[in-house]
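Analysis of the macromolecular model
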Amino acid sequence: MSLLNERYSTYEEFESERKKSDKRLEFIDGVIYMSPSPSIKHQEISSYLHGELYNLLKGSKCKVFAAPTDVVFNNERKDEKKIVVPDLFVVCNQDNFTENEYIGAPDFIIEILSPSNKSHDMITKLHLYMNSGVKEYWIVDPMENHIMVYFLDNDAEIQFTLVNLGGFVVSNLFKEFKINTKELFNLS
């Protein structure tokens, strides 16, 4: 993840840049982030998790979406909007969709780390997601072969679990969503 420029940008500047670019751009706290194309390993992991979630949620009120679908964490002021493009996200409230984006906090988000986006997903997005009401956030790290699970408990306190290679990750929101890390990280 790289910065498009080194200065504070307005929401209008972000929208202007987005219209000119074919890159995935995100806007958080006046900073425009540009995401490089994902690796094949990243895409394999994303496809696997998307398929598992799709099959699990089929026929329910919840749906899974994959990048590049925008998620807007809205505020009254345009410059306070935060726009991200999660690798995967699940929503159970279909009312918050516009034609091109989801407005509000998804129930569940998964980000897959790449060397270029590690700190962005582990610090910037973790802070944004947990403070915006995302109930569960998985950070999948194919370089270290582990998954970091953050979730809000019943008291809205952030809880954390680390699952290493060989373990099973079970979603706190969707108890039937169980991933074998050995299978996930050995897809190729």
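See above for the structure.
This report concerns the structure included in the present document. (Residues numbered from 1 in each chain as written. Predicted model: local features only at pLDDT ≥ 70, side-chain atom pairs only at ≥ 80, totals over all residues. Heavy atoms only, no water.)

With that settled, the discussion passes to the side chain of D121. By the element assignment, D121 lies in helix 3 (residues 118-132). For D121, the residues in contact, after removing those within four places along its chain, are E111, I112, L113, L126, Y137 and I139. (Helix = DSSP H or I, 4+ residues; strand = E, 2+ residues; numbered from the N terminus. Contact = heavy atoms within 4.5 Å.)

Here we take up the environment of P38. Tracing the backbone shows P38 in the loop between strand 3 (31-35) and helix 2 (40-57). Sequence separation of P38 and L113 is 75 residues, and the distance between their C-alpha atoms is 9.4 Å.

This part is about unusual backbone geometry. Generally, phi is negative for residues other than glycine and the peptide bonds are trans, each holding for most cases. Of note, the amide linkage connecting A67 to P68 takes the cis form, showing an omega dihedral of 10 degrees. A positive phi is found at D29, a non-glycine position, where the angle reads about 50 degrees. With respect to the helices, strands and loops of the structure, D29 is situated in the loop between strand 2 (24-28) and strand 3. Here A156, not a glycine, exhibits a phi torsion of approximately 65 degrees, which is positive.

Most of strand 11 (residues 146-152) is tucked away: six of the seven residues are buried. Both strand 10 (residues 136-141) and strand 11 contribute to a ladder of six bridges, which runs antiparallel. Directly across from D141, in strand 11, lies its bridge partner H146. Between the antiparallel neighbours strand 10 and strand 11 lie four residues, among them N145 with a positive phi of about 55 degrees. As judged from the seven bridges shared by strand 11 and strand 12 (residues 158-164), these two strands associate in the antiparallel manner. (Buried < 20%, exposed > 50% of the residue type's maximum accessible area, 1.4 Å probe, protein only. Pairing = 2+ DSSP bridges.)

For the rest of this paragraph, the subject is helix 2. Along its 18 residues, helix 2 runs 25 Å from first to last C-alpha, staying within 8% of the 26 Å computed at 1.5 Å per residue. Three or more residues of helix 2 are buried, namely H42, I45, S46, Y48, L49, L53 and L57. Down the axis of helix 2, the buried side of the element spans an arc of 160 degrees, and every buried residue falls inside it. In helix 2, the exposed positions angled more than 90 degrees off the buried face are occupied by I40 and S47. Among the structural elements, strand 4 (63-66), strand 7 (88-91), strand 9 (108-112), strand 10, strand 14 (178-180) and helix 4 (181-185) are those in contact with the buried residues of helix 2. Phi turns positive, to about 85 degrees, at G59, one or two residues after helix 2. (Expected span 1.5 Å × (residues − 1). Arc of directions from axis to C-beta.)

Counting 25 residues, the largest nonpolar core has L49, I110, W138, V140, F177 and L184 as its most contacted members. At the level of secondary structure, the elements contributing two or more residues to this core comprise helix 2, strand 7, strand 9, strand 10, strand 11 and helix 4. Counting residues per element, this core draws most heavily on helix 2, at five residues. Setting aside its immediate chain neighbours within four residues, W138 contacts F108, I109, I110, E111, I147, M148, V149, V169, V170, S171, F177 and I179. (Core = buried A, V, L, I, M, F, W, Y, C linked by side-chain atoms within 4.5 Å.)

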